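# Report on the structure
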Amino acid sequence: MENQIYQYNISVLKEIYGEKIIDILANKSDEEIIVEEAKDGSYTLKIIIDGQLRYITSKYAPLREAKKFVDNIKKYDYETLFIVFGMGLGYHVFELSKLLGENNKILVIEPSISIFKKSMEINDWTDLIKKRKIFFFIGKDIELIKQFYDSHINELNVSNIEFLVFSHYDKFFSQIYRKIVKKLKECIEDIQVSICTLKYFSNQLNYNLFKNLKEIIKGNNVKLLKNKFKDIPAIIVSAGPSLDKNIMQLKKAQNRAVIIAGGRTLKPLLDNNIKPDIIVSLDPGIGAYNVIKDNLDKEIPLVTTVISQSDIIREYRGKKYFSNVLESMELVNYLLSREIDRISQGGSVANMSLSLADYMGCNPIMFIGQDLAYTDGKIHAQNSTYEFDSNNKNLGKDLIEIEDIYGNKVYTSKVWLSFLRWFELYIRENPEKEYIDATEGGAKIDGTKIMTLKESIEKYCIKEVNIAEIFKNIDNSSLDFIGKITHSLKRLKELKKNLIEVKKKSILGIKVSKKMLEYYRDNKKYDINEILKALDDIDEDIKKYKLMTTGIYHFISPIILQIYHKEEFREKVNETERERGIRLAKKSYALYEGIKNSIERVIPLISECIEDFKQCERSNGI
């Protein structure tokens, strides 16, 4: 009987996870387990740890234990994502499943393959699995946990997670427990940084995009650089304090490696008579302009993004290569009627420089000045304006202690740590390249070989390469500039027209949402069915415009994120019909008002871009 249950469970799991679930379950588990019948007629579970038998579940009443586990959950709603560390025989998970609303999910992390298999023999999981309400992570391969989190945690649910530990799993499996909690924190922090960036820079990104559009048309697709520097070494120059130690060594690498610099490192390189081969500019704010403004007359190729700081892009004299970004991809491709390639940006210029070097085919890829820590108490190389005092308790509480390249402890910040994690993940996912940390200081970057810059240049930078000639031979994509302007002008007009229509629908949505609120809150005598139908019709109309102009979602998505993160708009447990109506009315009102305000901010930017494109046409006799 148990075997039949097991086979049925596994067959359904295979439908979701494929054959990989069989491969996972084929691995041998380190733990010995014993299943006994409990006093309440269910089963209990013992595990042998350090030669001792210990109960994982209650010896007498596992079912009562499961109910108590769920009763202790105090804060949740019908959109909460539950993460349960410890599956046991699953009674507590089934009890938890009774709380689930339409939008809840349970992620179960079970480090013991033996325990997972035993639970599959005893209980029928098929209904929960088929409904996609429960997802499993099995085993102790911590490298895979990030993929598991990334599959289920996103911008919409990141602020509504309930992490639960069953029984004494955190004691029995202490090592894996610490690691999965650490990875969860990292995942949440990365998403939160992304959300904060989107919220903070949303208006700036739209401003930059429309200001940059003409230059994007005139410039080059980063796709032109793909594999153009195959197997040529790359050196990514960052502005960490350790750069002072070895910057002069770079002269020996010129025309032997692709030297990639950011705006901050351009000046110290030029001051030392070192000309980089590529400049990377990523940030959307005015700070990016300030660090490069004195060198905008250089002819060094610039690699940037479609939403990077617009004054740099407008004023820079050299060749420009544009990468798309995830947030604006559909909008940009719609406006240009062609695809701009996207390379991963990460959160820093150095992150983007790594993916660029890889994209261009460079190998090996070396880092210098990539401290990602307060090396010798400094933030940046040369003229550092900040000294870190390790005795300052107020500063220390915001910093994190990590390992440096020498095995000692060094302080870093949350932001730098997110850059470091990005590097390590990228290197782990792209193992075919060789990565050299020649910084000679700072945080240890897992996956890199630690060498001095002198050793790296002597070993890898041994062939002369005419990098300027390679760039000269790359085709320019700005042919038929005016033809492209005319085409994009048509798309801009269409976008503006559709946004105006969406704004009209949003204004109507505000009025109808207000009536809905008055109906539920103030007992106004309206026909609620008529109100709900009107809101459905408005939603359908807005979706229609989104489909006609996919780029419209670009302006709406920050509003949707903002609303999802407000606790007052989440579906409550046991809420009355009146409470539900008031909540949905307020949520609807906030959504339509947010859409209207977003469109009102962006319309002048589009109008200005349209006038600029018309002027281009007039100047060329069109």
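This text goes with the structure placed above it.
A brief structural summary. Note that this is a predicted model, so its numbers are computed, not measured.

### A short note on the pattern of salt bridges
- Summed over all chains, the structure comprises 38 salt bridges.
- Among the salt bridges present, the one from Lys46 reaches Glu36, with a minimum N-O distance of 2.7 Å. Residue Lys46 is found in strand β2 (residues 43-49), and its partner Glu36 is found in strand β1 (residues 32-37); the two are separated by 10 residues along the sequence.
- Overall, the relative accessible area of 12% leaves Lys46 in the buried class.
- Where Asp522 meets Arg521, a salt bridge forms, and the shortest distance between an N and an O atom there is 3.1 Å.
- Asp522 sits in the partly exposed class, given a relative accessible area of 37%.

### Notes on the sheet that holds strand β6 (residues 134-138)
- Reading across the sheet, the four strands line up as β6-β5-β4-β7 and stay open at both edges, with parallel pairing between neighbours. Two strands lie at the open edges of the sheet, namely β6 and β7 (161-165), each paired on one side alone. Going from strand to strand, the sheet's axes swing by 15° on average, the running direction of each strand aside.
- Relative to β7, strand β4 (residues 81-85) is paired through five bridges, and the arrangement is parallel. Residue pairing for β7: Leu81 is matched across the bridge by Ile161.

### Concerning the pairing of β2
- Most of β2 sits out of view: five of its seven residues are buried.
- Bridge analysis of β1 against β2 gives six bridges, and the strand direction is antiparallel. Across the sheet, the residue bridging to Ile34 is Lys46, located in β2.
- Pairing of β2 with strand β3 (residues 52-55) involves four bridges; the strand directions are antiparallel. When the sheet's bridge partners are listed, Ile49 is paired in β3 with Gln52.
- Joining the antiparallel neighbours β2 and β3 is a turn of two residues, in which Asp50 adopts a positive phi near 55°.

### Regarding unusual backbone geometry
- A cis amide bond links Asn363 with the next residue in sequence, Pro364, at an omega value of -5°.
- Positionally, Pro364 belongs in the loop between α15 (349-359) and β14 (365-368).
- A positive phi angle is found at Ser167, which is not glycine, with a value near 50°.
- With respect to the element layout, Ser167 can be found in the loop between β7 and α8 (169-172).
- One non-glycine residue, Ser337, lies in the positive phi region at around 55°.
- Mapped onto the secondary structure, Ser337 falls in the loop between α14 (329-336) and α15.

Rules of the game
- Residues numbered from 1 in each chain as written.
- Predicted model: local features only at pLDDT ≥ 70, side-chain atom pairs only at ≥ 80, totals over all residues.
- Heavy atoms only, no water.
- Salt bridge = Lys/Arg side-chain N within 4 Å of Asp/Glu carboxyl O.
- Helix = DSSP H or I, 4+ residues; strand = E, 2+ residues; numbered from the N terminus.
- Buried < 20%, exposed > 50% of the residue type's maximum accessible area, 1.4 Å probe, protein only.
- Pairing = 2+ DSSP bridges.
- Axes fitted to C-alpha atoms, helices over the stretch in contact; angles between N-to-C directions.

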